Amino acid sequence: MSSEELHKRRTSAVARGVSSVISSYVDTAAGGGLTDVDGREWIDFASGIAVTSVGNAAPRVVAAVQAQVERFTHTCFMVTPYESYVAVCERLAELTPGDFDKRAALFNSGAEAVENAVKIARHATGRTAVVVFDHAYHGRTNLTMAMTAKSMPYKSGFGPFAPEVYRVPMSYPLRDGGLSGPEAAARAIDMIEKQVGAANVAAVLIEPIQGEGGFVVPARGFLPAIAGWARSAGAVFVADEIQTGFCRTGNWFASEHEGVVPDLVTVAKGMAGGLPLAGVVGRAEMMDAVHPGGLGGTYGGNPIACAASLAAVETMRELDLNTAARAIEAQFLPALSTFAERDPGIGDIRGRGAMIAIELTRPVPSGLIVPEPDPGRTGQVARACHAAGLLVLTCGTYGNVLRFLPPLVISEAEVDRGLEILETALLDTI
Ligand SMILES: Cc1ncc(COP(=O)(O)O)c(C=O)c1O
């Protein structure tokens, strides 16, 4: 059945609120590419939104899933436990920053992990306030919608939202007048102290590099200052590494780029090679503050997803995907800088590892320091890339960021071809 026919079926079966970036339907996917049902090949700069870091249908993941499906598919860890759940929690303790004693708990989705990090922080501190940042994205459940910044399409019309969530300014070098990391942190901390009160803060929760909010990389020094303040205020510092974790930025976790050691880390996406799995990992005394039975869920840490995760981590180690992510960065950044020499609409190039973005802006009128976003052109460039067989995504509070998230196993030749398509799309839309 063709994509066109499938699209017709979809329109009368699938709710309109669930939209797709393109209307081609996938048939198979492997490594750095996808093939659709019409036989067309795509270069993948999306990884299913930073999920298939080890590649789609990665051989170890496929074998582990097949073996597990034949042994048992589900028991519910809260009823009849199994080894792979324990092994994933051990892996999370090994891989996340910090040498202290850790515990972990597994869930189904990133949003669920974030919700549980908040539950744990509230129990551990006896406090209620949760501090989040401008441009943040933490999910689509009620509490995580409250924590997410952008109204359309994530929140509009879905309120009322959970209380006790407070938003403070992020460090966003292109748009905050070039505040240094410590200056931007001081601004945020002042707002927390004045408007929330340090003694009320259960958790400060931040993406070390923001995802949906625009791949915003805070100025150096911002994250350590915020983490240090949280510790001194007796609040739990939570790094939401759902998009940045598991080699995506060239380290196991993006917090490591600045030596930040979070109290708790939320993980999902890349951790299980495409199977739905998420977790919260961190300081044993905080995690264990919750009474037995206070955390869990029917499917959290499903055995098939756990088997996939163990195989994905083995693949990351075996193929040294941190080095691969850094090599992808080294291929992207010089190429994007060359494009920017001819394209005044490229207002910023940023990101780390295989999490790279360009922000498209209009030429800055004299006197204005902050460039005006260009979401119209961003959409045009994305559509031109799609028409030429390159899967790219947009993001950002202003809808003007093109983001690149290739699988970490993508070949150099595929990246080159993707960059060629991008260059043409940019040149055609200047
Ligand atoms: C940083 C971050 N947190 C949370 C989430 C929510 O994860 P999920 O879509 O699995 O609920 C996402 C998803 O994009 C994310 O990027």
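Presented here is a report on the structure given in the accompanying data block. (Residues numbered from 1 in each chain as written. Predicted model: local features only at pLDDT ≥ 70, side-chain atom pairs only at ≥ 80, totals over all residues. Heavy atoms only, no water.)

### Structural notes on helix H11 (residues 321-342)
Short version of the rule: Numbered from the N terminus, helices here are DSSP runs of H or I no shorter than four residues, and strands are runs of E no shorter than two. To estimate how far a helix should extend, the number of its residues minus one is multiplied by 1.5 Å. When a residue's accessible area, from a 1.4 Å probe over protein chains only, is under 20% of the maximum for its type it is buried; when over 50% it is exposed; and in between it is partly exposed. Only heavy atoms enter the contact rule, under which two residues are in contact if any of them lie within 4.5 Å.
The end-to-end C-alpha separation of H11 is 32 Å, in line with the 32 Å expected for 22 residues at 1.5 Å each. Buried within H11 are the following residues: Leu321, Asn322, Ala324, Ala325, Ile328, Gln331, Phe332, Ala335, Leu336 and Phe339. In this structure, the buried side of H11 is in contact with helix H10 (303-318), strand S11 (346-352), strand S12 (355-360), strand S15 (401-404) and helix H13 (412-429).

### Points about the sheet that holds strand S14 (residues 393-395)
What counts here: By definition, two strands form a pair when at least two bridges between them are found by DSSP. Fitting a line to C-alpha atoms yields each axis, with helices limited to the stretch in contact; the angle taken between N-to-C directions then spans 0 to 180 degrees.
Sheet architecture is open: four strands sit in the order S11-S12-S15-S14, paired in antiparallel fashion. For this open sheet the edge positions go to S11 and S14, each flanked by a neighbour on one side alone. Between one strand axis and the next, the sheet turns by 25° as a mean value, whatever way the strands run. Bridge analysis of S14 against S15 gives three bridges, and the strand direction is antiparallel. Within S15, the residue paired with cysteine 395 across the bridge is valine 401. Those strands touched by H11 are S11, S12 and S15, and its axis lies near 175° from that of S11.

### Section: the environment of arginine 231
Its location among the elements puts arginine 231 in helix H8 (residues 222-232). As for arginine 231 and leucine 6, which are separated by 225 residues in sequence, their C-alpha atoms are 52 Å apart. Apart from the residues within four sequence positions on either side, arginine 231 is in contact with Phe237, Val261, Pro262, Asp263 and Arg283.

### Overview of the pairing of S11
The pairing of S11 with S12 spans six bridges and is antiparallel. Bridge assignment links aspartate 348 to a residue of S12, and that residue is glutamate 359.

### Some points on the nonpolar core
Here is the rule we go by: Only buried Ala, Val, Leu, Ile, Met, Phe, Trp, Tyr and Cys residues count toward a nonpolar core, and they belong to the same one when joined by side-chain atoms within 4.5 Å.
The biggest cluster of nonpolar side chains holds 88 residues, and the ones touching the most others in it are Leu92, Phe246, Phe332, Leu336, Leu402, Phe404 and Leu422. With 10 residues, H10 is the largest single contributor of residues to this core. Other than its neighbours up to four places away in sequence, leucine 336 contacts Ile346, Ile349, Ile356, Ile358, Phe404, Leu419 and Leu422. One finds Ala184, Ala188, Val201 and Phe237 within the second-largest nonpolar core, a separate group that totals 27 residues.

### Let's talk about the sheet that holds strand S6 (residues 165-168)
Taken in spatial order, the seven strands make up an open sheet running S4-S10-S9-S8-S7-S5-S6, and their pairing is mixed. Each of the sheet's edge strands pairs with one partner strand only, and the pair in question is strand S4 (102-107) and S6. Between one strand and the next, the sheet's axes are offset by a mean angle of 20°, whatever the strand orientation. As defined by bridge partners, strand S5 (residues 129-133) adjoins S6 across four bridges and the pair is classed as parallel. Residue pairing across strands places valine 131 opposite tyrosine 166, the latter belonging to S6. Its contacts with the sheet place helix H5 (residues 110-125) against S4, S5, strand S7 (201-206), strand S8 (236-240), strand S9 (264-267) and strand S10 (278-283), and it is angled at close to 30° to S10.

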